[in-house]
Amino acid sequence: MSIVSKTTSVAKRSEAIAAEVIDLPASAEQADSALVERAVAHIREVVARTVSRGLDDIGTYLLQEFYDNDPELYFSSRSSKHASLSMLIERCESLELPVSRTFLSNALRLAAVTKQLPRASNFRQLPPSHRVELLRVRAPEKLEQLASKVVEGGLSVQKVRMLVQKEHGKEASEPGRKRSPEILKAAEACLRVLRNEETGKLLFRRSDVANMTGEQRAKVDAVVTSLEKRVAELRRILG
């Protein structure tokens, strides 16, 4: 077959394919709200079943193995002083332990908090994303009060976060409590995003840098340089 004949044959096949009518599902042409709601419900169920089970199982295991299943031991001593737990957390985000440090820390704290609450507590009914947000509330009784509001109001994760922030604001404004100065709050906020809560060490590792592009590393370097200057200025005004 000549080149011209082959070209003509290919062109005809292309025209035939283009002429075919592709029937997409009706939901692709027009938004199907019922379909979306079913998908949301299904995904939420799967996430709740897998993520929640993972958090609960891992947290329960860690509390049992590292703190003799005693939440009081967990709360009485900072985990950064637990040599074996610190070693475990250091191995997070590796091929052999592919979970984040935050996940492990949240799982352990979740187990300790949950063990202090009754089985019928509202906190236990919440999905993991909501429970993790409420973990910022230290007092178990206050945590359960907020969990009740979340359940009754069917609040989203964002609303739960706002509720917790509002609660922190109330505690700060209580009689006898001095409101934290803005300088302290800003410094603590910077430290929180850079430090691992359980180990007290830097949240990031060399592997995080290795996965960055040259442009990204340059941007981070510029930001860090700026942070260093701001910290130096802050030290000067602190005297």
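Only a predicted model underlies this, so the values are computations on that prediction, with no experimental measurement involved.

1. Side note on the overall build of the protein chain
Summing up its helical and strand segments, the protein chain has twelve helices and zero strands in all. For the protein chain, the sequential pattern of α-helices and β-strands runs α-α-α-α-α-α-α-α-α-α-α-α. Per-residue burial for the protein chain yields a buried fraction of 21% across its 239 residues. In the protein chain, 54% of the contacts between residues at least 6 apart in sequence involve partners at least 24 apart. In the structure as shown, the protein chain presents an accessible area of about 17,200 Å², 57% of it carried by carbon and sulfur atoms.

2. Re the packing of aromatic side chains
Within this structure, the stated rule accounts for two aromatic pairs. Ring geometry for Y74 and F75: centres 5.0 Å apart, planes at 75 degrees, overall edge-to-face. Within the aromatic cluster, the residues linked to one another by ring pairs are Y67, Y74 and F75.

3. A word on the nonpolar core
Membership of the largest hydrophobic core comes to 17 residues, with the highest contact counts inside it found for V113, F123, L134 and L143. Counting residues per element, the ones that place at least two in this core are α6 (101-115), α8 (140-153) and α9 (157-173). It is α8 that provides the largest number of residues to this core, a total of four residues. What L143 contacts, discounting residues up to four positions off in sequence, is V113, L117, F123, L134 and V137.

4. Section: helix α12 (residues 214-238)
In a regular helix each residue adds 1.5 Å, so 25 residues correspond to 36 Å; α12 covers 36 Å between its end C-alpha atoms and thus fits that length. Of the residues flanking the end of α12, it is G239, one or two places downstream, whose phi is positive at about 80 degrees.

5. Remarks on the pattern of salt bridges
Pairing is possible between side chains that carry opposite charge, provided their charged atoms lie close to one another. For the structure shown, the criterion picks out eight salt bridges. Among the salt bridges present, the one from K219 reaches E215, with a minimum N-O distance of 3.7 Å. Here E215 and K219 lie together in helix α12, a separation of four residues that amounts to about one turn. Accessibility classification places K219 together with E215 in one group, the exposed group. Across the pair E233 and R230 runs a salt bridge, and its minimum N-O distance is 3.0 Å. Of this pair, E233 and R230 both sit in helix α12, three residues apart, which is roughly one turn of the helix. Judged by relative accessible area, E233 falls into the partly exposed class, the value being 33%. Several salt bridges converge on common partners, so that one network encompasses E133, R136 and R161.

6. Looking at the confidence of the model for the protein chain
Taken over all residues, the pLDDT of the protein chain has a mean of 79, while the share at 70 or more is 82%. Confidence, read as mean pLDDT per element, is least for helix α1 (residues 3-19) in the protein chain (55) and greatest for α6 (88).

7. So, helix α5 (residues 83-90)
By the burial criterion, the buried members of α5 are L85, S86 and I89. Along the long axis of α5, the arc covered by the buried residues comes to 100 degrees, so they all point the same way. Set apart from the buried face of α5 by more than 90 degrees, the exposed residues are A83 and M87.

8. Here's the deal with the side chain of E167
Relative to the helices and strands, E167 is located in helix α9. With residues up to four places along the chain from it excluded, the contact list for E167 reads K142 and L146.

9. Here we look at the side chain of H82
For H82, the location among the structural elements is in the loop between α4 (71-76) and α5. In terms of polar contacts, H82 uses its side chain to reach the backbone carbonyl oxygen of F66, at 3.0 Å. For H82, the side chain forms a polar contact with the main-chain nitrogen of L85, separated by 3.1 Å. Apart from the residues within four sequence positions on either side, H82 is in contact with F66 and Y67.

10. Overview of the packing of α5 against α6
Between α5 and α6, the least distance of the axes is 9 Å, while the angle of their chain directions is 140 degrees. Relative to α6, α5 is oriented oblique. When α5 is examined against α6, the residues L85, L88, I89 and E90 are found in contact with a partner set consisting of R101, L104, S105 and L108. Tallied by class, the residues present in the contact of α5 with α6 amount to five nonpolar, one polar and two charged.

Cut-offs used in this document
- Starting from 1, residues in each chain are numbered consecutively following that chain's sequence as written.
- Whole-chain, interface and lining totals are the exception, using all residues; otherwise, since this is a predicted model, local features are given only for residues with pLDDT of at least 70 and side-chain atom pairs are given and counted only at 80 or more.
- Excluded from the side-chain calculation are hydrogens and water; included are all heavy atoms of the structure.
- Strands here mean DSSP runs of E at least two residues long; helices mean DSSP runs of H or I at least four residues long; both are numbered from the N terminus.
- Throughout this description, buried means an accessible area under 20% of the type-specific maximum (1.4 Å probe, protein chains only), exposed means over 50%, and partly exposed covers the range between.
- By the convention used here, residues are in contact when the closest approach between their heavy atoms is within 4.5 Å.
- Shrake-Rupley sampling with a 1.4 Å probe provides the accessible areas, and residues are treated as covered by the protein chains on show and by no other component.
- Stacked, edge-to-face and tilted are the three classes for Phe, Tyr and Trp ring pairs, Trp counted by its six-membered ring, which pair at centre distances within 6.5 Å; planes under 30 degrees apart are stacked, over 60 edge-to-face, the rest tilted.
- Residues grouped as a nonpolar core are buried Ala, Val, Leu, Ile, Met, Phe, Trp, Tyr and Cys residues, joined through side-chain atoms within 4.5 Å.
- Residue count minus one, scaled by 1.5 Å, sets the expected span of a helix.
- Counted as salt bridges are all cases of a side-chain nitrogen of Lys or Arg within 4 Å of a carboxyl oxygen of Asp or Glu.
- Every residue gets a pLDDT, meaning the predictor's confidence in that residue, from 0 to 100.
- To be clear, the arc concerns the directions from the helix axis to the C-beta atoms.
- Any pair of N or O atoms that falls within 3.5 Å is considered a polar contact. Within protein, one atom must be able to donate a hydrogen and the other to accept it, and sequence-neighbouring residues count only if both atoms are side-chain atoms.
- Axis definition: a line fitted to C-alpha atoms, limited for helices to the stretch in contact. Angles are taken between N-to-C directions and run from 0 to 180 degrees.
- Throughout this description, any angle smaller than 35 degrees is read as roughly parallel, any larger than 145 degrees as roughly antiparallel, any in the 65 to 115 degree range as roughly perpendicular, and the remainder as oblique.
- Residue classes follow a fixed rule: Ala, Val, Leu, Ile, Met, Phe, Trp, Tyr, Cys and Pro count as nonpolar, while Asp, Glu, Lys and Arg count as charged, and any other residue, Gly among them, counts as polar.

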